[in-house]
Amino acid sequence: MRKLYVTKLIATVLSLAVLLSGCTNKTPDTEPVTEVEPTVTEAAVTPEAQDTPVEDEEPEVQKPPEGLGVNMIANGDFHDGLENWNTYLNHGGTCDFTADNEQGNISIQKTGSTDYGVQIYYDGFKLDEGGVYEFSFDLDTTLEREIEVRLQVNGGDYHAYFGEYITIKPGMQHYSWEFTMEEQTDVAPRMCFNMGSPADGSALEPHVITLDNVSVVLTDDTNVIKSEQVDLSKNVNLNQVGFRTADRKTAVIRSEGIDQTFTIKDESGKEVYSGKLNGPVDAQYADEKVYQADFSDFKTPGKYIVSVSNGDESYPFIIGDDVYDQLLKDSFLMLYKQRCGTEVSADIAGEFAHPVCHDSKALIYGTNSYIDVSGGWHDAGDYGRYVVAGATTVADLLLAYEDYPELWEADDLGIPESGNGIPDILDEAAYELKWMLKMQDQATGGVYHKVTCREFPGFVMPQEETEELVVCPISNTATGDFAAVMAKASTVYADIDPAFAKTALAAAKKAYAYLEEHKSAVSFKNPEEISTGEYPDGQFKDEMYWASVELYKVTGDEAYIKYAEDLLDMYVLHGFGWDSMGSYGNIAYLSMDPEKQNSALVEKIKTEIEANAKEYLNNSKTDGYMSDLGSNYCWGSNLSVCGYARQMLIAAKYASDDQKKEYEQAVYDQLSYILGQNATGYCFLTGYGSLNAQNPHHRPSIANGKPMSGMVIGGPDGNMEDSFIKSVMAGTPPAKCYADNAQSYSTNEVTIYWNSPFVYLLSDIMSKH
């Protein structure tokens, strides 16, 4: 019998110690507390439950059951199939997990090389500090062996609140333990069964494990320490960073029992402005009725709050013409701080400095060959580098440079290349582009999809991830994005670095040739033993469309434009995200020399853009918080906020003066949304505003115990796509489905391609007036 471990390292901020979904690496338990003998009995035979009717629509996420004597594992008897149950496979582990006859059946083909090479886990319950729990289940196996069962932190070091190794034998047995939760309350822990390799690493023959009647029950709440959630949001929400003197200035008020007026007070409490509220206005996706305040005509520089008649006040904000200067710089410098394969300087990055990381050669998957793919940016909360994510980020930087040169010709923004005579934004973009060049297979022209380790690391700084790097197979999406952004770069760098521009164009042509020869290739999927970010994309028409236009634009070779114009004859593609790149192609087509354009297709593109832009404008005008999202509160919703705003900016170029003004006002409202004028009350840029994300899903921030400044947070996800948000936000309106918790990767992660569209959006606003 092994010992039960209950760790006593109380997590001051539990939410900081977490990682990406499915990353189940863990460290050994550290303090043996009490030896507990499990109760093992012959399992009782229970009658089958009635079939559960199938709903026509996806059911609403339900709050997990809780309370004294209640089984918190809502689907512990598998009456609802595999709902809330999942598998995590790594280090070569393989299995099939099915629900048959209201039992969970795990058919294990390979155990892998670690104990968690095959893991079955369940999310969606709560453990209260001080609570006494009974953890039990029934289990059968076709092979005598050892497994581990755990109730653990769902992230960080994945340490166990309860952990036990048990030897299982053929024949259905009942297992039961009692344990006390001695750590801080965890509202979203994970229960898991590690069924991978034994401690000695030996392989086991294929076998089947059957699981049933899984239960976690609070049996004694006498000493439970109640945790209180403090709502820090305000009833008066606005851009917490502030406004320039001539800018549009608004606030949204959800207070009840107020009259139709609002006031602005300075730091001394003196009333300096009063105005009339508009409303009530329906904030449908927040399930609220709100009022709107417009104080655009108040232009006196200073620090203020907005107040309403019942005493509710906003967080403070500033009016001043330099209010966005540092914000723009920090959101740009986030990319420098994400650099890989080089030392990141403490003079620039402070606590987020690190020595050279990920500089070893990487194995090309499926071969014995190694190549140098050092450089580039760490993509997001992890340390992977992904071509599709990098391409859209670079494209945003190059467009910002072209469209707003008065802001981006600067060579003094504080990166190591500052002062070299090249605009810093182009130096930063080139850092990623030169890494991307290493990702092209020189023999075929195809581009490898990504380079990562086989699995996500712990919550460590980048230099501490030292597992073998693996270059994953070529994909058409990566190849198309590569061709497009390299062709774009060849024009931008033509006068600044002619040699680099020539190299970029040659690489773009080679990549496009690969695409033409591999149009039937299937979408990229992770190889079996790779569990890092996949970036799957079912089709590559948008990538090839963008590449087709960019290459024609720079070469004038009509062979390139045929694909794009054939596609445009059928439909127009849109999007500013890694999985929908059509808008980059549209921008390229509309900005070509008119002699190269097909005038009918130009009008078709403009008409489609206008139709989309009017939809987003209507969303903004009719939503209480002035958001352009409509109902689209999805994973990375702040990318959509910026992307829709950019569609409106394109439409504004071809609109009447009145329509253009409406678009520009709506675009500004999206900046205010990101910076605090939203239903959560959060400023979604770390380090800015009074209420901002303190616990982003970002490894360097977790490792340092504080958030890196200047990162755009993903934002509300009404689909609730992680276990934490499901646990704490069940039944919450989509516009409020956000949690400042590092376990909530679907709402609180960061990534380079959420920062870059924000940089573009802010650049547009700062270029006006």
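For residues besides glycine, phi is generally negative; the peptide bonds are generally trans as well. Cis geometry is adopted by the peptide bond preceding P280, which originates at G279 and carries an omega value of 5°. Note on placement: P280 falls in strand 19 (residues 278–283). Although it is not a glycine, Y535 sits at a positive phi angle of roughly 50°. With respect to the helices and strands, the residue Y535 is situated in the loop between helix 7 (498–517) and helix 8 (541–555).

As a packed pair, helix 6 (residues 476–492) and helix 7 sit with axes 8 Å apart at the nearest point and diverge in direction by 150°. Looking at the two axes, helix 6 sits roughly antiparallel to helix 7. Read as a crossing pair, helix 6 and helix 7 show a hand that is left-handed. Contacts between helix 6 and helix 7 involve N476, T479, G480, F482, A483, M486, A487 and S490 from the former and A501, A504, L505, A507, A508, A511, Y512, Y514 and L515 from the latter. Partitioning the contact of helix 6 with helix 7 into residue classes produces 13 nonpolar, 4 polar and no charged.

Taken together, 5 strands build an open sheet; the order of strands is 15-22-21-17-18 and the sheet is mixed. Each edge of the open sheet carries a strand with a single partner, namely strand 15 (242–243) and strand 18 (271–276). Here strand 21 (residues 302–308) pairs with strand 22 (residues 317–319) via 3 bridges, running antiparallel. When the bridges of strand 22 are listed, K303 appears paired with I318.

Strand order in this open sheet of 5 strands is 24-23-27-26-25, and the pairing throughout is mixed. In the strand order of this sheet, the two ends are held by strand 24 (370–371) and strand 25 (385–386), each with one partner. Pairing geometry for strand 25 and strand 26 (residues 450–452), over 2 bridges, is antiparallel. The residue bridging Y386 from the neighbouring strand is K450, located in strand 26.

We now examine the confidence of the model for the chain. Any region with low pLDDT has predicted coordinates that should not be read closely. Averaged over the chain, the pLDDT score is 90; the fraction of residues at 70 or greater is 91%. This model gives residues 1–59 a pLDDT under 50, and the stretch forms 142 contacts once residues within four places in sequence are excluded.

Here the focus is the pattern of salt bridges. Per the stated rule, a full pass over the model turns up 21 salt bridges. Residue K614 is joined to E610 by a salt bridge in which the shortest nitrogen-to-oxygen separation is 3.4 Å. Linking K614 with E610, this pair stays in helix 11 (residues 599–622), spanning 4 residues, or about one helical turn. For K614, a relative accessible area of 40% gives the class partly exposed. Given a relative accessible area of 35%, E610 falls into the partly exposed group.

Next up on the list: the pairing of strand 8 (residues 132–141). Among the 10 residues of strand 8, 8 are classified as buried, and the element is accordingly described as predominantly covered. Where strand 8 lies against strand 11 (residues 173–180), 8 bridges are found, and the strand directions are antiparallel. Bridge pairing in strand 11 links E134 to E178. As paired strands, strand 8 and strand 13 (residues 207–220) are joined by 9 bridges and run antiparallel to one another.

Glancing now at the packing of aromatic side chains. This structure, assessed with the given rule, holds 39 aromatic pairs. Residues F243 and F317 carry aromatic rings whose centres are separated by 5.6 Å and whose planes lie at 80° to one another, so their mutual orientation is edge-to-face. With F243 in strand 15 and F317 in strand 22, this residue pair connects regions lying 74 residues apart in the sequence. In this structure F243 comes out as buried when scored by relative accessible area, which is 0%. Among the residues examined, F317 registers a relative accessible area of 1% and is labelled buried. These aromatic residues form a ring-pair network of at least three members: F78, W85, F97, Y122, Y133, F135, F137, F162, Y175, W177, F179 and F193. Between the NZ or CZ atom of R646 and the centre of the ring of F576, over which it lies, the distance is 4.1 Å. Sitting over the ring of Y760, R646 keeps its end group 4.4 Å from the ring centre.

Definitions and limits used
- Residues numbered from 1 in each chain as written.
- Predicted model: local features only at pLDDT ≥ 70, side-chain atom pairs only at ≥ 80, totals over all residues.
- Heavy atoms only, no water.
- Helix = DSSP H or I, 4+ residues; strand = E, 2+ residues; numbered from the N terminus.
- Axes fitted to C-alpha atoms, helices over the stretch in contact; angles between N-to-C directions.
- Parallel < 35°, antiparallel > 145°, perpendicular 65-115°, else oblique.
- Left-handed = near helix turned anticlockwise from the far one by under 90°.
- Contact = heavy atoms within 4.5 Å.
- Nonpolar A, V, L, I, M, F, W, Y, C, P; charged D, E, K, R; others polar.
- Pairing = 2+ DSSP bridges.
- pLDDT = per-residue confidence, 0-100.
- Salt bridge = Lys/Arg side-chain N within 4 Å of Asp/Glu carboxyl O.
- Buried < 20%, exposed > 50% of the residue type's maximum accessible area, 1.4 Å probe, protein only.
- Phe/Tyr/Trp six-rings, centres within 6.5 Å; stacked < 30°, edge-to-face > 60°.
- Lys NZ or Arg CZ within 6 Å of the ring centre and 35° of its normal.

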